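Reading the structure
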Amino acid sequence: MGTVVTNDGTNIFYKDWGPHDVQPIVFHHGWPLSADDWDNQMLYFLSHGYRVIAHDRRGHGRSTQTSSGHDMDTYAADVAALTDALNLRDAFHIGHSTGGGEAARYIARAKPGRVAKAVLVSAVPPIMVKSDSNPGGLPIEIFDELRATLAGNRAQFYSEISSGPFYGFNRPGVNVSQGLINNWWRQGMMGGANAHYECIKAFSETDFNEDLKKIDVPVLVAHGTDDQIVPYADSAPLSVKLLKNGILKSYEGLPHGMLSTHPEILNPDILAFLRS
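Everything in this summary refers to the structure shown in the same document. The model shown is predicted, which means the values in this text are computed figures rather than measured ones.

**Observations regarding the overall build of the protein**
- Along the protein, the regular secondary structure elements total eleven helices and eight strands.
- Relative to its length of 276 residues, the protein is compact, with a C-alpha radius of gyration of 17 Å against a globular reference of 19 Å.
- Once the C-alpha set of the protein is aligned to its principal axes, its extents read approximately 45 × 40 × 40 Å.
- Sorting the 276 residues of the protein into buried and exposed places 55% on the buried side.
- Counting only contacts in the protein whose residues sit at least 6 apart along the sequence, the fraction spanning at least 24 positions is 76%.
- For the protein, the computed accessible surface area is about 10,900 Å², with 52% contributed by carbon and sulfur atoms.
- Side-chain charges in the protein split into 23 positive and 30 negative, and the spacing between the mean points of these groups amounts to 5 Å.

What follows is the structure in structure tokens.
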């Protein structure tokens, strides 16, 4: 574990496990979580011979609670600072939800030789908010309500998200994990309220269409059809159409947080893609 200091003095916390002479995997977490959300995957891929790295986005987890920089350009620049500091080459990048947007923006701007492949899981690209050019998106009022609820009672808000739509625990007959709920809440409350508030705009209104068009490495786009956070129809199938070398893998009935609820399904599929 360590920190990288960015140009504006922000400390970006990261975990770095495994030998440094093997191919690295960089994990990008979702809102409003931290590198800890990747524990299952980091242990899995570590056991399969990879170097695994996960960072806390600025304002999240153990990174600096900055007053600014809560936008995708800065997030991608922070990732570039991390990969430069660790001199990562031929790396795999795996992003979940907001982290999928962060990964896409970083990869589209990455130096040659830095990225080998990518995986976008339940990811926010191409763009979430509804507009004339994205009629299938979610109305801006939904994101306004998220901001108002966060500002009103963040602790209660995070409890309701984690125990409900994030993992699909609001669906009948689902096996509810209190541990996942508690861990989601714990990670969320570690971060800064201002960072989480402003990140809602970053993940919902950032347009990733041009980023996806620029990416020429192979990309696996994995998404559950019962995603209640980033609806399937307006995300994964549209992203694959924009990618030069994209592969769509749909998971029938799985939720937004399927990496945590169904790692026994997702992890082997991702491993097979990385090895292919």
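What follows continues from the structure just given.
**Remarks on the environment of Ala76**
- Take Ala76: it is sitting in helix H2 (residues 72-85).
- Taking relative accessible area as the criterion, Ala76 reaches 4% and is therefore assigned buried.
- With 19 residues separating them in the primary sequence, Ala76 and Arg57 have C-alpha atoms 9.8 Å apart.
- In this structure Ala76 touches Glu102, Arg105 and Tyr106, once residues within four positions along its chain are discounted.

**Quick word on the side chain of Asp234**
- Within the secondary structure, Asp234 sits in the loop between strand S7 (219-224) and helix H9 (236-242).
- Lys241 provides the closest opposite charge to the buried, unpaired Asp234, separated from it by 10 Å.
- Setting aside its immediate chain neighbours within four residues, Asp234 contacts Pro126, Ile127, Met128, Asn134, Gly136 and Gly137.

**Quick look at the packing of aromatic side chains**
- Counted according to the given criterion, the structure contains 14 aromatic pairs.
- Arranged with centres 6.1 Å apart and planes meeting at 65°, the rings of Tyr50 and Phe92 form a pair that is edge-to-face. In this pair, Tyr50 is assigned in the loop between helix H1 (39-47) and strand S4 (51-55) and Phe92 in strand S5 (residues 91-96), connecting sequence segments 42 residues apart.
- For Tyr50, a relative accessible area of 9% gives the class buried.
- Seen in terms of ring centroids, Phe157 and Tyr158 are 5.8 Å apart; in terms of plane orientation they differ by 40°. Their pairing is tilted.

**Some remarks on the pattern of salt bridges**
- Counted by the stated rule, this structure contains 18 salt bridges.
- Two residues, Arg58 and Asp78, come together in a salt bridge whose shortest N-O distance is 2.6 Å. One end of the pair, Arg58, is in the loop between S4 and H2; the other, Asp78, is in helix H2, with 20 residues separating them in the sequence.
- For Arg58, a relative accessible area of 1% corresponds to the buried category.
- Judged by relative accessible area, which is 6%, Asp78 ranks as buried.
- Measuring nitrogen to oxygen at the nearest pair gives 2.7 Å for the salt bridge that ties Arg105 to Asp211. Of the two residues, Arg105 is situated in helix H3 (residues 98-109) and Asp211 in helix H8 (residues 209-214); the sequence distance between them amounts to 106 residues. Taken as a pair, Arg105 and Asp211 share a single burial class, namely buried.
- Within this structure, Lys15, Asp36, Asp39, Asp56, Arg62 and Arg186 form a network of salt bridges that share partners.

Reading the values: the criteria
Residues numbered from 1 in each chain as written. Predicted model: local features only at pLDDT ≥ 70, side-chain atom pairs only at ≥ 80, totals over all residues. Heavy atoms only, no water. Helix = DSSP H or I, 4+ residues; strand = E, 2+ residues; numbered from the N terminus. Rg over C-alpha atoms; globule rule 2.2 N^0.38 Å. Buried < 20%, exposed > 50% of the residue type's maximum accessible area, 1.4 Å probe, protein only. Contact = heavy atoms within 4.5 Å. Areas by Shrake-Rupley, 256 points an atom, 1.4 Å probe, with all protein chains shown as cover. Lys, Arg positive; Asp, Glu negative; His and termini not counted. Charge placed at Lys NZ, Arg CZ, Asp CG, Glu CD. Salt bridge = Lys/Arg side-chain N within 4 Å of Asp/Glu carboxyl O. Phe/Tyr/Trp six-rings, centres within 6.5 Å; stacked < 30°, edge-to-face > 60°.

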